[in-house]
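Understanding the architecture of this molecule
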Amino acid sequence: MTPSTPIDTTRAPLDHWRTLVLRTGPARRWRGRDAGLRIAASMIARDRIESPMTAPDAPRLISLIAGAGAGKTTLVSSVADPQHWVVHAVSSADRSVSVFARNVVRRLRLLVPGLSAELWMAIDGSSGAATGTDGVAESLAAAIALDLDAALSRDLVLVLDDLHEIDGSEPAERFVADLCRHAPRHLRLVLASRSPLPFPTARLRLTNEHLELDADDLAFEVAEIAQLLDTTAGDRTTAAAAIHELTGGWPAATALAARAVRRSGVSGLRRGLVDEGLADYLADDVLRSEPDDAVALLEAG
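Residues numbered from 1 in each chain as written. Predicted model: local features only at pLDDT ≥ 70, side-chain atom pairs only at ≥ 80, totals over all residues. Heavy atoms only, no water.

We now examine the nonpolar core. Generally speaking, nonpolar side chains in soluble globular proteins are found buried as a group. Ranked by size, the top nonpolar core spans 40 residues in total, and within it Phe 100 and Phe 175 carry the most contacts. Secondary-structure elements contributing two or more residues to this core are strand S1 (61-65), helix H5 (97-108), helix H6 (117-126), helix H7 (134-151), strand S3 (156-161), helix H8 (170-182) and strand S4 (187-193). Those residues in contact with Phe 100, other than ones at most four positions away along the chain, are His 88, Val 90, Asp 94, Leu 160, Leu 163, Ile 166, Ala 172, Phe 175 and Val 176. Counting 16 residues, the second-largest nonpolar core is a separate cluster that includes Met 53, Ile 62, Leu 75 and Val 76. (Core = buried A, V, L, I, M, F, W, Y, C linked by side-chain atoms within 4.5 Å. Buried < 20%, exposed > 50% of the residue type's maximum accessible area, 1.4 Å probe, protein only. Helix = DSSP H or I, 4+ residues; strand = E, 2+ residues; numbered from the N terminus. Contact = heavy atoms within 4.5 Å.)

Here's what the structure looks like:
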């Protein structure tokens, strides 16, 4: 990529950068990506999306559905109250429903130490069962919900981050669906994933019990980007508009673009994104999760 590389603003930002990295190759490895995004998020007041998540009457289910670099984990980190929120980072190990249930309960016990011994026995007993059946997933979810209903006297938020790690595992997906269905009145769930939720939520939406935030909601607005820029950036509104036009507000690229502007000004924005290592981030974190045929299509395009 050179400073004169044209930007196709008619395409979604992530699609544009996916194609760009395949055609230009990586510049250098970008280390500290997550730290950079967390710092950026801490500098921005985002009441428009944070308040609905933390309000006392927040929906029982909140989903954050967007691709890599959209700031899902960063958003959760910025709003999570350690006294009331429990976060489980889902991994491929959770494709086993018994492992998934055990990991969730271990996290819950950090704030709800009074969960029963019977619950642990139910989970241990499921490890040797036919975990491919719907009955095992539902029974484990129902047992967790029943214990929580007895133990909770205040609201608790359970976050399942990186839920896409269980894509294609029907028992694990059913476990999440049943956990949402059986959730007691003091439990709220936040599900963050790169993929759509693997179960229908139309009924919850009709009763205002489901809030879904997608990539458009998570993208930074011009006014929010301006908060990332200090007075050395000159006209912050103009600089913020230039960043937004280039990145579409995609948080991963926006955080890097703001840093590039602080270093080199608006004139060095495009080159600065390469120097900050955006290409490596895309290669490492975005394209790695794409199917082979999709990568081949981008390479051919």
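Turning our eyes to something else, we now look at the sheet that holds S3. The strand order S2-S3-S4-S1-S5 describes an open sheet built from five strands, whose pairing is parallel. Across the chains shown, the open sheet's two edge strands, defined by having one partner strand only, are strand S2 (85-89) and strand S5 (210-214). Across this sheet, the average inter-strand angle for adjacent strands is 15°, counted without regard to direction. Direction of pairing for S1 relative to S4: parallel, over a ladder of five bridges. If you follow Ile 62 over to S4, its bridge partner there is Val 190. Against the sheet, H5 makes contact with S2 and S3, and its axis sits at roughly 150° relative to S2, the strand it touches most. (Pairing = 2+ DSSP bridges. Axes fitted to C-alpha atoms, helices over the stretch in contact; angles between N-to-C directions.)

In this model, the second largest pocket occupies a volume close to 290 Å³. Every element with two or more residues in the lining of the second largest pocket is listed here: H8 and helix H9 (202-206). Of all the elements, H8 adds the most residues to the lining of the second largest pocket, at four residues. (1 Å grid on protein atoms, 1.4 Å probe; cavity = no way out; pocket = protein on both sides within 12 Å on 5 of 7 lines; lining within 4 Å. Points joined across faces, edges and corners; volume = space filled by probe spheres on them.)

A few words on the pattern of salt bridges. One pass over the full model with this rule turns up nine salt bridges. We note a salt bridge from Arg 174 to Asp 178, for which the minimum N-O separation is 2.9 Å. Here the residue Arg 174 and the residue Asp 178 both occupy positions in helix H8, the gap between them amounting to four residues, near one helical turn. Salt-bridge contacts for Arg 181 lead to Asp 178; the nearest nitrogen and oxygen are separated by 3.2 Å. (Salt bridge = Lys/Arg side-chain N within 4 Å of Asp/Glu carboxyl O.)

Attention now goes to the packing of helix H3 (residues 47-54) against helix H4 (residues 72-79). Direction vectors running N to C along H3 and H4 enclose 60°, while the axes themselves pass 11 Å from each other. Our classification of the angle between H3 and H4 gives oblique. Where H3 crosses over H4, the two elements pack in a sense that is right-handed. Residues Ile 49, Glu 50, Met 53 and Thr 54 of H3 form the contact with H4, whose participating residues are Leu 75, Ser 78 and Val 79. The residue inventory of the contact of H3 with H4, partitioned by class, reads four nonpolar, two polar and one charged. (Parallel < 35°, antiparallel > 145°, perpendicular 65-115°, else oblique. Left-handed = near helix turned anticlockwise from the far one by under 90°. Nonpolar A, V, L, I, M, F, W, Y, C, P; charged D, E, K, R; others polar.)

Another point: the side chain of Ser 63. By the secondary structure assignment, Ser 63 is in strand S1. One polar contact links Ser 63 to His 210, side chain to side chain, over a distance of 2.8 Å. In contact with Ser 63, other than residues within four places in its own chain, are Leu 191, Leu 197, His 210, Leu 211, Glu 212 and Leu 213. (Polar contact = N/O pair within 3.5 Å; in protein donor to acceptor, adjacent residues only side chain to side chain.)

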